[in-house]
Amino acid sequence: MVSRVIPVEDFDLVIFGATGDLAKRKILPGLFRRYVAGQITDNCRIIGAARSQMDDNGFRAEATQAIAEFTKTPADDPQLAGFLKLLSYVPIDAKGTEGWAVLKERMRSGVVRAFYFSVAPSLFGDIAERLADNGIADANSRIVVEKPFGRDLATAKALNATLARHFHEGQIYRIDHYLGKETVQNLMAVRFANILFEPLWNAQYVDHVQITVAETVGIGGRGGYYDQSGAMRDMVQNHMMQLLCLTAMEPPYHFDPDAVRDEKLKVIRALEPVGVDDIVRGQYRARGDEPDYLTDAENPDSRTESYVALKVLISNWRWQGTPFYLRTGKKLRARTSEIAVVFREPPHSIFDDDEGQRPNELVIRLQPNEGMNLKVMIKEPGPGGMRLVQVPLDMSFAEALGPEGADMPDAYERLIMDVIRGNQTLFMRGDEVEAAWAWTDPIIAAWENGKDRPEGYDAGSSGPEEALRLLHRDNRRWREIAA
Ligand code: NAP
């Protein structure tokens, strides 16, 4: 029951940074899977570009290795042989002048042109400029821009301005791969294609919302990058903000890119500034042989947060007084990402034995097992009288859709296909990104200008004690962090 695969238009896709980690782990394996699914035809071309010197066959060999590793496809797979024929490679330095003429020569006319900037953000402007100056990108070309999109409002504005010199907004696809996740889109379907939830989706019936993105890994290996960023920039400003927007937004008039993004933007603009008492920062401590944050970051004085929890209020009619609690961190108890909408208790209980009474919860799980779960109260089965028990109503599509449901496309696959289709609904618009930074900047500035240090928390725990108190003082509690 998975939707029919309709091949996308023929395209030339150039991947800048084709030898990098993201290209190997996500982009090339994702494109291969779409080829196997029949969504990419033999008349499409994928051109790798990076500084490394190699020829087409060298790139095909690298792609074979990456696809073998990340899709478990044997190197002699006949479909892989077909896919490799689509690949070629052009050595290009984003800051140099060589290679651009060769790339121009390689591009065909009459097909969709897309350019994936899978390189460090400092190169986005150089590539945009050279694509335009060399006449490689036309008015219909699309560019895909990776995260991070700036590190504050000023840098995001500067980057938007640089890209805008060469491309109009309708050509710019700012990736947030959380938006490509099946359940995130399903959240919109559940809200706006059913009558059941939307009447209850407001402050009158929703007690609070919890959004959790918990990781078990530390920052080992990317300490330098992470220490310059921290959980607020790395997770809250982008991914968690997007989840909050999709949960809180008003129904768009149509499922259309600008209509959806207009509604998300209104949510961001309605966010109240977060007070110091409503935010908790943490840094993980050492566990056994595993080093603490400061050692991983190679910065003994670092005040960068590997954990953040905050209480967010939205100043509008729908959400007045309903807090959204957000938390994210490294080295936590389990790897899980979810949105939990916790409804209010019924106004009056008719049952004598209502001890088991719990509020209804709709849990939208993004990982590890994408799915949805509605917690409802029922009578405990058996002859023990009218006792109440809460049971989960599993709304996971994996089961409902049969074996194919468990094999949903990865977020990157879906998003790249949307680029080729020219659909920007699941990509962030420039004003959205800027509004998110405008809200985040004062929080980060207060930390940077203050002297406080993040609170330590045990690796493998649920985060700092203070984060528990953030909810306790509101007579609420966090959901358990569990895989
Ligand atoms: P990476 O492994 O460091 O790869 C960088 C790529 O850029 C390499 O292919 C490198 O190849 C190429 N490159 C570097 N300098 C260049 C230049 N002057 N001209 C042309 N190509 C150049 O980085 P990555 O992890 O793949 O990340 C790429 C982008 O995706 C970054 O913006 C990152 O923030 C974002 N991102 C990555 C992940 C992830 O999981 N990796 C997740 C989210 C976002 P040569 O050295 O051969 O030039």
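The rules behind each value
Residues numbered from 1 in each chain as written. Predicted model: local features only at pLDDT ≥ 70, side-chain atom pairs only at ≥ 80, totals over all residues. Heavy atoms only, no water. UniProt positions renumbered as here; feature names shortened; annotations may be inferred. Near = heavy atom within 4 Å. Polar contact = N/O pair within 3.5 Å; in protein donor to acceptor, adjacent residues only side chain to side chain. Areas by Shrake-Rupley, 256 points an atom, 1.4 Å probe, with all protein chains shown as cover. Helix = DSSP H or I, 4+ residues; strand = E, 2+ residues; numbered from the N terminus. Nonpolar A, V, L, I, M, F, W, Y, C, P; charged D, E, K, R; others polar. Contact = heavy atoms within 4.5 Å. Core = buried A, V, L, I, M, F, W, Y, C linked by side-chain atoms within 4.5 Å. Buried < 20%, exposed > 50% of the residue type's maximum accessible area, 1.4 Å probe, protein only. Pairing = 2+ DSSP bridges. Axes fitted to C-alpha atoms, helices over the stretch in contact; angles between N-to-C directions. Salt bridge = Lys/Arg side-chain N within 4 Å of Asp/Glu carboxyl O.

- For the chain, the name recorded in an unreviewed UniProt entry is Glucose-6-phosphate 1-dehydrogenase, with Paracoccus pacificus as its organism.
- Note on the chain: under the UniProt heading Function (unreviewed entry), the record states "Catalyzes the oxidation of glucose 6-phosphate to 6-phosphogluconolactone."
- According to UniProt, the comment filed for the chain under the heading Sequence similarities (unreviewed entry) is "Belongs to the glucose-6-phosphate dehydrogenase family."

### Notes on the site of the ligand
Step number 1: Near the ligand you find 21 residues, and of these T19, D21, R25, S52 and V119 are the closest.
Step number 2: Between the ligand and V119 there is a distance of 2.7 Å, counted from an oxygen atom to a backbone nitrogen or oxygen.
Step number 3: Between the ligand and K147, the relevant distance is 2.8 Å, taken from an oxygen atom to a main-chain nitrogen or oxygen of the residue.
Step number 4: Here the ligand has 890 Å² of accessible area as a free molecule, and 73% of this is covered by the chains.
Step number 5: Tallying contributions element by element places helix α1 (residues 21–36) first for the shell around the ligand, with 3 residues.
Step number 6: When the residues that make up the shell around the ligand are grouped by side-chain class, the tally is 10 nonpolar, 5 polar and 6 charged.

### What to know about the environment of H208
Step number 1: Considering the arrangement of structural elements, one finds H208 in strand β7 (residues 206–214).
Step number 2: It is 33 Å that separates the C-alpha atoms of H208 and D292, two residues lying 84 residues apart in sequence.
Step number 3: Contact partners of H208, with chain neighbours within four places excluded, come to T322, P323, Y325, A340, V341, V342 and R476.
Step number 4: Among the polar contacts made by the side chain of H208, one reaches the side chain of Q210 at a distance of 3.1 Å.

### Details of the nonpolar core
Step number 1: Counting 144 residues, the largest nonpolar core has F16, L103 and L131 as its most contacted members.
Step number 2: No other element matches helix α9 (residues 230–248), which puts 11 residues into this core.
Step number 3: Not counting chain neighbours up to four residues away, the residues in contact with L103 comprise V14, F16, I47, V90, I92, L131 and I136.

### Some thoughts on the sheet that holds strand β13 (residues 371–379)
Step number 1: Read from one edge to the other, the open sheet built from 9 strands follows the order β14-β13-β12-β11-β7-β10-β9-β8-β15, with strand pairing classed as mixed. Each edge of the open sheet carries a strand with a single partner, namely β14 (388–394) and β15 (455–457). Looking at each pair of strands side by side, their axes are set apart by 20° on average, direction ignored.
Step number 2: Across 6 bridges, the pairing between strand β11 (residues 336–343) and strand β12 (residues 361–367) is antiparallel. The residue bridging E338 from the neighbouring strand is R365, located in β12.
Step number 3: Where α9 meets the sheet, it contacts β7, β9 (307–312), β10 (324–329), β11 and β12, and its direction lies at approximately 145° from that of β10.
Step number 4: Running at roughly 15° to β9, helix α15 (residues 465–472) makes contact with β7, β8 (279–284), β9, β10 and β15 of the sheet.

### Observations concerning the pattern of salt bridges
Step number 1: Under the counting rule described, the total for this entry stands at 38 salt bridges.
Step number 2: The salt bridge involving K24 is made with E62; its shortest N-O contact spans 3.2 Å. Within this pair, whereas K24 is found in helix α1, its partner E62 is found in helix α2 (residues 56–71), the two being separated by 38 residues in sequence.

### Quick look at the sheet that holds strand β5 (residues 142–145)
Step number 1: Strand order in the open sheet formed by 6 strands is β3-β2-β1-β4-β5-β6, with parallel pairing between adjacent strands. The open sheet has two free edges, formed respectively by β3 (87–91) and β6 (172–174), since each of these has just one partner strand. Direction aside, neighbouring strands of the sheet carry axes that sit 20° apart on average.
Step number 2: Relative to strand β2 (residues 45–50), strand β1 (residues 11–16) runs parallel, the two being bridged by 5 bridges. When the bridges of β2 are listed, F16 appears paired with A49.
Step number 3: Lying on the sheet, helix α13 (residues 411–421) is in contact with β1, β4 (112–117), β5 and β6; it crosses β4 at an angle near 140°.

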